[in-house]
Amino acid sequence: MHRRRTALVLSAAIAAAAPLLTACGSEAHPGAAAVVGGQRITVAQLEGRVNEVREAQRAAVPDETQYQQVLASTGSLTRDTLHNLVLDRVLHRAARDEGIAVTRKEVLQMRAGLEQQAGGAKGLQTAWLQKYGIAPKRLDDNLRLQLEAQKLAAKLGTDTSQPAFWKALSKASDELHIDLNPRYGSWDVQKSSRVDATAPWVREVTTTAQQQPA
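Residues numbered from 1 in each chain as written. Predicted model: local features only at pLDDT ≥ 70, side-chain atom pairs only at ≥ 80, totals over all residues. Heavy atoms only, no water.

The next subject is the nonpolar core. Counting 36 residues, the largest nonpolar core has L82, V86, V90 and L169 as its most contacted members. It is helix α4 (residues 77-97) that provides the largest number of residues to this core, a total of nine residues. Residues within four places of L82 in sequence aside, it is in contact with A33, A34, I41, L46, L180 and Y184. One finds M110, L114, L124 and W128 within the second-largest nonpolar core, a separate group that totals 12 residues. (Core = buried A, V, L, I, M, F, W, Y, C linked by side-chain atoms within 4.5 Å. Buried < 20%, exposed > 50% of the residue type's maximum accessible area, 1.4 Å probe, protein only. Helix = DSSP H or I, 4+ residues; strand = E, 2+ residues; numbered from the N terminus. Contact = heavy atoms within 4.5 Å.)

Below is the structure:
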């Protein structure tokens, strides 16, 4: 389904980043994981989103051994979550620039269709949690993102895998002057994607109870 491809395309951008770094530096924004369009995404907000996912994973996988395997397989969750938080704002800006809006009714219609495919609401929540790291409470927000992406691509006469779509996101990234805390890498304006920092002394801090890298 095109809708599933859209979600995959946006999530796959996490892994597709090339080493074309932009300037970053959060010394001027203490406590910020990122600053997007002058608005802070705080470390506390980021950790809150990560904890939502971890709590959902814990509930879905009560077996301790299996849960540890889930933690090991999602070790980049914090960075991936920040990527998505920034990309959400980039996509929303690009959609707004094109006069695109998404209604609550459209979100509910998309959700109903996906739930039918997934065998119910629980099946859809589990699929989005496992495949995209989206906590159940954030599912509607993510579907709104997918709809914005679809509408933007249609307005541009393309699809979400084509350069024209990502060019629009690149323009929005540039407009928003994205600044990431070096702990989490930097933002590649051309690809609208986060790039990992390579400095050996940059270390991620986590406050999760397990003290697992996220």
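A few words now on the packing of helix α5 (residues 104-118) against helix α7 (residues 139-155). Helices that pack against each other are described as a pair by the angle of their axes relative to one another and the distance between those axes. Two numbers describe how α5 lies on α7: the axes approach to 9 Å, and their chain directions differ by 105°. By the angle between their directions, the pair α5 and α7 is classed as roughly perpendicular. From α5, R104, E106, V107, M110, R111 and L114 reach across to α7, where they touch L139, D140, L143, R144, Q146, L147, Q150 and K151. Partitioned by chemical class, the residues of the contact of α5 with α7 number six nonpolar, two polar and six charged. (Axes fitted to C-alpha atoms, helices over the stretch in contact; angles between N-to-C directions. Parallel < 35°, antiparallel > 145°, perpendicular 65-115°, else oblique. Nonpolar A, V, L, I, M, F, W, Y, C, P; charged D, E, K, R; others polar.)

The next subject is the side chain of N181. Within the fold, N181 resides in the loop between β3 (179-180) and β4 (186-188). Judged by relative accessible area, which is 15%, N181 ranks as buried.

Here the focus is the confidence of the model for the chain. Across the chain, the average pLDDT comes to 80, with 75% of residues at 70 or higher. The secondary structure element of the chain with the lowest average pLDDT is helix α1 (residues 2-16), at 45, and the one with the highest is α5, at 96. Predicted confidence for residues 1-9 stays below pLDDT 50, and this span has 19 contacts to residues more than four positions away or in other chains. Low pLDDT, under 50, characterises residues 197-214; the stretch is placed with 30 contacts to residues that sit more than four places away or in other chains. (pLDDT = per-residue confidence, 0-100.)

A word on the pairing of strand β2 (residues 39-42). For strand β1 (residues 32-36) and β2, the ladder comprises four bridges, and the chain directions are antiparallel. Its bridge partner lying in β2, V36 is registered against Q39. (Pairing = 2+ DSSP bridges.)

Closest axis-to-axis distance for the helix α2 (residues 43-60)/α4 pair is 10 Å, and the angle between their directions is 115°. In the crossing of α2 with α4, the sense of the turn from one axis to the other is right-handed. Packed against α2, whose contacting residues are L46, R49, V50, V53 and R54, the element α4 presents L77, T78, T81, L82 and L85 at the interface. For the contact of α2 with α4, the per-class residue count stands at six nonpolar, two polar and two charged. (Left-handed = near helix turned anticlockwise from the far one by under 90°.)

Moving on, we come to the packing of aromatic side chains. To describe a pair of aromatic rings, you give the distance between the ring centres and the angle between the ring planes. This structure, assessed with the given rule, holds two aromatic pairs. A ring pair is formed by W128 and Y132, whose centres lie 4.8 Å apart and whose planes are at 75°; its orientation type is edge-to-face. With a gap of four residues between them, W128 and Y132 both fall in helix α6 (residues 121-132), about one helical turn apart. For the pair W128 and Y132, one class covers both residues: buried. Relative to W166, the ring of F165 lies with its centre 5.4 Å away and its plane at 85°, an arrangement referred to as edge-to-face. Classification of F165 by relative accessible area gives buried; the value is 0%. Between R58 and the ring centre of Y67, over which it is positioned, the NZ or CZ distance is 4.1 Å. (Phe/Tyr/Trp six-rings, centres within 6.5 Å; stacked < 30°, edge-to-face > 60°. Lys NZ or Arg CZ within 6 Å of the ring centre and 35° of its normal.)

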